[in-house]
Amino acid sequence: MAMHAWEETEEDDKDEEHSRDGNRGGMLATSGMGVFPDSSKMKEKLREQMLRPRYHVHDLYAKKGFAQCLARQDYFEKVTLLVIACNAIWIGVDTDQNSANILLDAQPLYQIIEHCFCIFFAFEWTIRFSAFKDKKTAFRDAWFAFDSLLVVFLVTETWVMSA
């Protein structure tokens, strides 16, 4: 069978184990730690990572219920991303155009839009939290934990500090 230049053979692996000075185990086998990582260990680690099932938050959701059904929907995710993009644009507009230091002193348009974003993000967080089968595992998901922190800050700024 013809070998391609990028394919390795067992002899190539054995050759890699020999260092330039003839010792087995790598270039600096005498010191216990080589300069270059062991390619066979790297290949094995890569194989393990490729065979490991991919993490997806939907695997932690319950199997029944309205919240998990909505949270699994592709449109729910796309609408959320759209609102995030709109919120980023709005933050820029608000920073440039709104001269009020606190929300209560802002013009009604700024207040209404800020409350709408806060309502949407609180609703989105509630749906996603309700979708988890085990509520304790919700905060083990890094994105959910990060989103939780953002929602706490948003609710605090919009509703608590404005009260």
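This one's a predicted model, so the numbers in the text were calculated from it and none came from an experiment. (Residues numbered from 1 in each chain as written. Predicted model: local features only at pLDDT ≥ 70, side-chain atom pairs only at ≥ 80, totals over all residues. Heavy atoms only, no water.)

S.K.: How should I be thinking about the overall build of the protein chain in this particular structure?
M.R.: The helix and strand inventory of the protein chain stands at 6 helices and 0 strands. Shown N-terminal to C-terminal, the secondary structure of the protein chain runs as helices and strands in the order α-α-α-α-α-α. Considering the protein chain as a whole, with its 163 residues, one finds that 25% of them fall into the buried category. By sequence separation, contacts in the protein chain at least 24 residues apart represent 50% of the contacts at least 6 residues apart. Carbon and sulfur atoms make up 62% of the accessible area of the protein chain, which totals about 12,700 Å². (Helix = DSSP H or I, 4+ residues; strand = E, 2+ residues; numbered from the N terminus. Buried < 20%, exposed > 50% of the residue type's maximum accessible area, 1.4 Å probe, protein only. Contact = heavy atoms within 4.5 Å. Areas by Shrake-Rupley, 256 points an atom, 1.4 Å probe, with all protein chains shown as cover.)

S.K.: Before we go on, may I ask you to explain helix H4 (residues 74-97) in this structure?
M.R.: Owing to its 3.6 residues per turn, the α-helix aligns residues three or four sequence positions apart on the same side. Over its 24 residues, H4 runs 34 Å from end to end, which matches the ideal 34 Å to within 8%, given 1.5 Å per residue. When we look at burial in H4, the residues that qualify are Phe-76, Thr-80, Val-83, Asn-87 and Trp-90. (Expected span 1.5 Å × (residues − 1).)

S.K.: What exactly am I supposed to notice about the packing of helix H5 (residues 108-131) against helix H6 (residues 142-160) here?
M.R.: Helix-helix packing is characterised by the crossing angle of the two axes and by the distance between the axes. Closest axis-to-axis distance for the H5/H6 pair is 10 Å, and the angle between their directions is 145°. Between H5 and H6 lies a crossing of left-handed hand. Across the interface between the two elements, Glu-114, His-115, Phe-117, Cys-118, Ile-119, Phe-121, Ala-122, Trp-125, Arg-128 and Phe-129 of H5 pack against Trp-143, Phe-144, Asp-147, Ser-148, Val-151, Leu-154, Val-155, Thr-158 and Trp-159 of H6. Of the residues that constitute the contact of H5 with H6, the class distribution is 13 nonpolar, 3 polar and 3 charged. (Axes fitted to C-alpha atoms, helices over the stretch in contact; angles between N-to-C directions. Left-handed = near helix turned anticlockwise from the far one by under 90°. Nonpolar A, V, L, I, M, F, W, Y, C, P; charged D, E, K, R; others polar.)

S.K.: Quick question: what am I supposed to make of the environment of Asp-141 here?
M.R.: Checked against the element boundaries, Asp-141 lands in the loop between H5 and H6. Taking relative accessible area as the criterion, Asp-141 reaches 5% and is therefore assigned buried. Separated by 86 residues in the primary sequence, Asp-141 and Tyr-55 place their C-alpha atoms 9.9 Å from one another. Apart from the residues lying within four places of it in its own chain, the contact partners of Asp-141 are Tyr-55, Val-57, Arg-128 and Phe-132. At 2.6 Å, the side chain of Asp-141 and the side chain of Tyr-55 are in polar contact. (Polar contact = N/O pair within 3.5 Å; in protein donor to acceptor, adjacent residues only side chain to side chain.)

S.K.: Could you clarify how one ought to interpret the side chain of Ser-148 in this entry?
M.R.: Considering the arrangement of structural elements, one finds Ser-148 in helix H6. By relative accessible area, Ser-148 is classed as buried at 9%. With residues near it in sequence (within four places) discarded, Ser-148 still touches Trp-125 and Phe-139.

S.K.: Is there a simple way to explain the side chain of Glu-114 in this structure?
M.R.: Tracing the sequence through the fold places Glu-114 in helix H5. For Glu-114, which is buried and forms no salt bridge, the nearest opposite charge comes from Arg-128, at a distance of 18 Å. Setting aside residues no more than four positions away along its own chain, Glu-114 makes contact with Trp-90, Asp-94, Leu-103, Leu-154 and Thr-158. (Lys, Arg positive; Asp, Glu negative; His and termini not counted. Salt bridge = Lys/Arg side-chain N within 4 Å of Asp/Glu carboxyl O.)

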